[in-house]
Amino acid sequence: MEDMIQMDRTISTQQDIKIEAKGVQVFYGDNHAIKDVDVNIADKTVTAFIGPSGCGKSTFLRCLNRMNDTIDICRVEGDILLDGEDIYDPKVDPVQLRAKVGMVFQKPNPFPKSIYDNVAYGPKIHGLARNKADLDEIVEKSLRKAALWNEVKDRLNAPGTGMSGGQQQRLCIARAIATAPEVLLMDEPCSALDPIATAQVEELIDELRQSFSVVIVTHSMQQAARVSQKTAFFHLGNLVEFDDTDKIFTNPQDSRTESYISGRIG
Amino acid sequence: MQSLTLPLLVILGLTISGYFLAKTRALQVAGGDIRKLVSLPKQHALNTVLATAIPPVAAILLFSVYNRLTEGTGSWLFTLVVIALAVTGFALSLIGIKVQTRARTFAERWILGLLIFASTIAILTTVGIVFSMLFETFNFFEQYDWKHFFFSTSWSPNFRGDSDLGIIPLLWGTLYISLIALAFAVPIGLFAAIYLSEYAGSRMRSVAKPAIEILAGIPTIVYGLFALITVGPFLRDYFASPMGLGQSASSVMTAGLVMGIMLIPFVSSLSDDIINAVPQAMRDGSFGLGATKSETIRQVVIPAALPGIVGAVLLAASRAIGETMIVVLGAGAAARLSMNPFEAMTTVTVKIVSQLTGDTDFASPETLVAFALGLTLFVITLGLNVFALYIVRKYREQYE
Ligand SMILES: Nc1ncnc2c1ncn2[C@@H]1O[C@H](COP(=O)(O)OP(=O)(O)OP(=O)(O)O)[C@@H](O)[C@H]1O
Ligand SMILES: [Mg+2]
């Protein structure tokens, strides 16, 4: 009986884990950027990565959808499982993986196309829309979620590169959610946004949590505390502490975490 | 030219002494304390040098152009004016050295003037070329009906007079050969560029790119020989004769094909640079959405680079239109208006050469027509180049 209950628990927690990273090491040539990191990213949760600049947050994030493949000198070791399957397995097609694990980059990078085509790009290549009306709806919904619709609804044919930095970033967010990923990786999505747009994006993140898991890199402690349920603190390529957000911010176990969140290192 | 020696020596002497005098004097007016000066001593020195040298040298240049035009010779008055200019500049700039003098601003103005002068020369040369052509073209149209020139479909010059000088067969040959050349060069060059910039490893790239660019260094006469002895007979024996399209080794196809080979490095090298200039972040954005490599290239990279690629193609087109040697040896010199690509034809440039070589009498329409042809060609390529530059510039503004 006791055993049965135990088993039940493990099954339920296993189902909850979306991405499981074990012993991940990343090298850029000789530079050892990520050192033996273990992280479990739960489904339907927001996980925040915090840590000083250059500690490897973006690098680790890029491992999760194999964007590091595009960097010649980058080498990844260890296991990363998505729904229990190793994403670095030779059988896995990184293209399909990236359709499931979407990404918003640290610097906004809209395509030199119209606003509409930027958002429609993912749905088009993945065949998510059956007809034009469908596509229009996806575009509008994504732009609304990214808090951009009201600003651009009259100029959907204007080039995406001609917008302000913050608008471009929200366009990239809209572009990423239009593809309907299962996991969304966001690398400092609000660093170029004003407080109102930031609040809207945070609202979006909270909404996304209903249906999939979100990983967000941020330099703002307040933001991490506001939007995330889990927080991972990175320092010099090591994962120092990973726990419930409340616990990290109220009762950190490691002295480095405490120094960082109280503003003494970083 | 004898008369130039003295003024040049005076200018040189004043310039060198002005440099040292200005430095000393600047220190002197500051009472030895360099921090009191608004401009540094070396800036005063530079200002003096420029003020002493530029006006008389400019005067010498102007006078020699003037002398050419009026066929006069140097006079003592001219020598005097030049020396006076040098001395005035020298004296004024030295006297002007005060603590408050902003010599740096003055020196920068002189340098700005120099830069403007250099760009003016480049522009004036172009204008000069156009005018010299225009002049002779007017002479031509005084003797020959312009309607006939532009609309007659036959070209048969006759040095005893009574020639048919219609540009249409020549323009047709030019356009036909250029189109064939571009039809070969653009796809091959573009695909090579895509391979080199997107797929090739760095080692492959470092070998292949220079190898392709070597093609650009081959003199066109060598391409012409290749057309004459290899490509022409090959096309005749394996394509034209079996298909019953003619027996000529010289053909539009021969010249077009070889010219296409010549243009490949133009297209590929320029397109490669342009494709490489597309930021990596753009590709990452596309990969991050789950696009494949070929989707990324087709839908993001090429559209982003397209204006630049069009510019490269247009530059290649103006090269093709101006090419002469390959045409003479590959397509022959017979003006003809025909659709058959295996027939000998010729272009505007070849006819310009043949009208101007040999026994020429610069007053007959048969000779002067060369200038009208040249001007027409100039206008066409100028238009293409302006269009290409416009597109390339538009592309440059696209990022940031
Ligand atoms: N493309 C790359 N090539 C080589 N080294 C890299 C590359 N990207 C990152 N690195 C190195 O990896 C380390 C971690 O960088 P990373 O970008 O992951 O930091 P980060 O935590 O995201 O910092 P920030 O908060 O400033 O964005 C750094 O030492 C950096 O120099
Ligand atoms: Mg980063």
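Computed from a predicted structure; not experimentally measured. Residue positions are given per chain, counted from 1 along the sequence in the order it is written. Note on labels: chains are lettered from A, ligands numbered from 1, in written order. Restriction of local features to residues with pLDDT of at least 70 applies here, the model being predicted, together with a cutoff of 80 or more for giving and counting side-chain atom pairs; totals for whole chains, interfaces and linings are based on all residues. To get the side-chain values, take all heavy atoms of the structure and skip hydrogens and water.

**Student:** Would you mind going over the overall build of chain A with me for this structure?
**Tutor:** Helix and strand counts for chain A stand at eleven helices and ten strands. Values of the radius of gyration come from C-alpha atoms, whereas the globule rule sets the reference at 2.2 Å times the count of residues to the power 0.38. For a compact globule of 266 residues, the expected C-alpha radius of gyration is about 18 Å, and chain A comes in at 19 Å, within 12% of that figure. Once the C-alpha set of chain A is aligned to its principal axes, its extents read approximately 55 × 45 × 45 Å. Across the 266 residues of chain A, 51% fall into the buried class. Residue contacts follow a heavy-atom distance rule, with two residues in contact if any of their heavy atoms lie within 4.5 Å. Long-range contacts, defined as pairs at least 24 residues apart, comprise 65% of the intrachain contacts of chain A with a sequence gap of at least 6. Counting every atom, chain A has about 12,500 Å² of accessible surface; 47% of that belongs to carbon and sulfur. Runs of H or I in DSSP of at least four residues are treated as helices and runs of E of at least two as strands, each being numbered from the N terminus. For every residue, the accessible area obtained with a 1.4 Å probe (protein chains only) is divided by the maximum for its type, and the residue is called buried under 20%, exposed over 50%, and partly exposed between those limits. Note on areas: Shrake-Rupley, 1.4 Å probe, and residue coverage restricted to the protein chains presented here.

**Student:** Hey, could you run me through the overall build of chain B in this one?
**Tutor:** Of regular secondary structure, chain B possesses 14 helices and two strands. The C-alpha radius of gyration computed for chain B amounts to 30 Å, which surpasses the reference 21 Å derived for 400 residues by more than 25%, pointing to a less compact arrangement than a globule. By its C-alpha atoms, chain B is 95 × 75 × 35 Å across when sized along the principal axes. Excluding contacts between residues fewer than 6 apart, the proportion of contacts in chain B whose partners are at least 24 apart in sequence is 74%.

**Student:** Can you help me understand the sheet that holds strand β8 (residues 213–217) of chain A in this one?
**Tutor:** Backbone hydrogen bonds hold the strands of a sheet together, and the pairing may be parallel or antiparallel. All names here are of chain A. Spatially, β6-β7-β8-β3-β9-β10 is the arrangement adopted by the six strands of the open sheet, whose pairing is mixed. Either end of the sheet is taken by a strand with one partner, and the two such strands are β6 (101–104) and β10 (238–244). Averaged over all pairs of adjacent strands, the angle between strand axes in this sheet comes to 15°, irrespective of strand direction. Helix-sheet contacts for helix α8 (residues 195–208) involve β3 (46–50), β7 (183–187) and β8, and the interaxial angle to β8 is about 145°. For two strands to count as paired, DSSP must find a minimum of two bridges between them. Axis definition: a line fitted to C-alpha atoms, limited for helices to the stretch in contact. Angles are taken between N-to-C directions and run from 0 to 180 degrees.

**Student:** Can you help me understand the confidence of the model for chain A in this one?
**Tutor:** Detail in the predicted coordinates should be disregarded across regions flagged by low pLDDT. Values of pLDDT, the confidence the predictor places in each residue, fall between 0 and 100. For chain A, per-residue confidence averages 89 on the pLDDT scale, and residues scoring 70 or more make up 94% of the total. The model gives residues 1–15 of chain A a pLDDT under 50, and that stretch makes zero contacts with residues more than four places away or in other chains.

**Student:** Got a minute to help me understand the interface of chain B and chain A in this structure?
**Tutor:** A common way to state how big an interface is: give the accessible area lost once the parts meet. Listed per partner, the contact involves 19 residues of chain B and 21 residues of chain A. In the sections that follow, a salt bridge refers to a side-chain nitrogen of Lys or Arg positioned within 4 Å of a carboxyl oxygen of Asp or Glu. Counting across the chain B and chain A interface gives zero salt bridges. Nitrogen and oxygen atoms within 3.5 Å of one another constitute a polar contact, given that in protein one can donate a hydrogen and the other can accept it, and given that sequence-neighbouring residues count only through two side-chain atoms. Put simply, chain B and chain A have four residue pairs in polar contact (both at pLDDT 80 or more) between them. Looking at the side of chain B that touches chain A element by element, the count peaks at eight residues for helix α10 (residues 280–288) of chain B. Among the residues making up the side of chain B that touches chain A, the classes are represented as eight nonpolar, nine polar and two charged. All residues other than Ala, Val, Leu, Ile, Met, Phe, Trp, Tyr, Cys, Pro, Asp, Glu, Lys and Arg, Gly among them, are scored as polar; the first ten of these are nonpolar and the last four charged.

**Student:** Hey, could you run me through the packing of helix α6 (residues 168–199) of chain B against helix α9 (residues 252–277) of chain B in this one?
**Tutor:** Two measures define how a pair of helices packs: the angle their axes make with one another and the distance between the axes. Residue and element names in this part refer to chain B. Relative to each other, α6 and α9 sit at 35°, their axes nearing to 6 Å. Viewed along their axes, α6 and α9 form a crossing whose handedness is right-handed. Looking at the contact of α6 with α9 residue by residue, the classes come out as 23 nonpolar, seven polar and two charged. Two helices that cross are described as forming a left-handed crossing if the nearer one is turned anticlockwise from the farther one by less than a right angle, and a right-handed crossing if clockwise.

**Student:** Could you clarify how one ought to interpret the nonpolar core in this entry?
**Tutor:** Ranked by size, the top nonpolar core spans 73 residues in total, and within it Phe140(B), Phe149(B), Met259(B), Leu263(B), Ile275(B) and Leu373(B) carry the most contacts. Ranked by residue count, the leading element in this core is helix α11 (residues 293–322) of chain B, at 13 residues. Once residues within four sequence positions are removed from consideration, Phe149(B) is found in contact with Phe140(B), Phe141(B), Tyr144(B), Leu165(B), Gly166(B), Ile167(B), Val369(B), Ala372(B), Leu373(B) and Thr376(B). Residues belong to one nonpolar core when they are buried, are Ala, Val, Leu, Ile, Met, Phe, Trp, Tyr or Cys, and are joined through side-chain atoms within 4.5 Å. With 41 residues, the next largest nonpolar core counts Leu156(A), Met186(A), Ala197(A) and Ala224(A) among its residues.

**Student:** Looking at this structure, I do not really get the state of the cysteines. What am I missing?
**Tutor:** Every disulfide links exactly two cysteines, by a covalent bond between their sulfur atoms. Residues and elements named next belong to chain A. Disulfide assignment relies on a single distance test, namely cysteine sulfur atoms paired within 2.5 Å. Within this structure, the stated rule accounts for zero disulfides over all chains. Between Cys74, a free cysteine, and Cys63, which holds the nearest cysteine sulfur, the sulfur-to-sulfur gap is 6.3 Å. Just so you know, Cys190 is unpaired, no disulfide at all, and the nearest cysteine sulfur is the one on Cys172, 13 Å from it. The exposure class assigned to Cys190 is buried, which follows from its relative accessible area of 9%.

**Student:** Sorry, what's going on with the environment of Phe191(B) here?
**Tutor:** Residues and elements named next belong to chain B. If you trace the backbone, Phe191 turns up in helix α6. Judged by relative accessible area, Phe191 falls into the exposed class, the value being 57%. Here the alpha-carbon distance between Phe191 and Met133, two residues 58 residues apart in the chain, equals 40 Å.

**Student:** Would you mind going over the side chain of Asp284(B) with me for this structure?
**Tutor:** Tracing the backbone shows Asp284(B) in helix α10. Positive charges are assigned to Lys and Arg, negative charges to Asp and Glu, while His and the chain termini are left out of the count. It is Arg62(A) that comes nearest to the buried, bridge-free Asp284(B) among opposite-charge side chains, at 6.8 Å. With residues up to four places along the chain from it excluded, the contact list for Asp284(B) reads Met67(A), Thr70(A), Phe105(A) and Asn109(A).

**Student:** So what exactly am I meant to see when it comes to the sheet that holds strand β4 (residues 74–82) of chain A here?
**Tutor:** All names here are of chain A. Pairing is antiparallel in the open sheet, where four strands are placed in the order β2-β1-β4-β5. Looking at the sheet topology across the chains shown, the edges are occupied by β2 (31–42) and β5 (85–86). Sheet topology places strand β1 (residues 17–28) next to β2; eight bridges connect them, and they run antiparallel. Its bridge partner being in β2, Val24 is matched across the sheet by Val37.

**Student:** Explanation requested: the domain arrangement of chain B in the structure shown.
**Tutor:** Residue and element names in this part refer to chain B. The domain boundaries here were taken from an automatic or database domain assignment. Annotation of chain B at the domain level lists domain 1 (2–135) and domain 2 (155–396). The distance between the C-alpha centroids of domain 1 and domain 2 comes to 46 Å. Between domain 1 and domain 2, the contact holds four residues from the first and four residues from the second. The largest contributions to the domain 1 side of the interface with domain 2 come from Val130, Met133 and Leu134, which together make up 83% of the buried area. Counting across the interface, domain 1 meets domain 2 through zero salt bridges. Class assignment for the residues of the side of domain 1 that touches domain 2 results in three nonpolar, one polar and no charged. When two components associate, each loses some accessible surface as probed by a 1.4 Å sphere; the sum of these losses over both components is called the buried area.

**Student:** So what exactly am I meant to see when it comes to the coordination of the magnesium ion (ligand 2) here?
**Tutor:** Octahedral metals with six donors have ideal donor angles of 90 or 180 degrees. Tetrahedral metals with four donors have an ideal donor angle of 109.5 degrees. For the magnesium ion (ligand 2), the full set of protein donor atoms is Ser58(A) (OG) and Gln106(A) (OE1), and the range of their distances to it is 1.9 to 2.4 Å. One end of the pair, Ser58(A), is in helix α2 (residues 57–63); the other, Gln106(A), is in the loop between β6 and α4 (115–125), with 48 residues separating them in the sequence. Only N, O and S atoms count as donors, using a 2.8 Å cut-off from the metal and 3.2 Å for Na, K and Ca, and because water is excluded some sites may appear unfinished.

**Student:** I keep staring at a nonpolar patch on the surface and nothing clicks. Help me out?
**Tutor:** Residue and element names in this part refer to chain B. Residues forming no salt bridge and having over 30% relative accessible area are the ones grouped into patches, like charges within 9 Å of each other and nonpolar side chains (Val, Leu, Ile, Met, Phe, Trp, Tyr) within 5 Å. Together, Ile221, Val222, Leu225, Leu228, Ile229, Met325 and Val328 make up an exposed nonpolar region whose accessible area comes to about 580 Å². Of all the secondary structure elements, the ones that give two or more residues to the nonpolar patch are α8 (220–240) and α12 (325–331). In terms of residues, the nonpolar patch owes the most to one element, α8, which gives five residues. Note on placement: Ile221 falls in helix α8.

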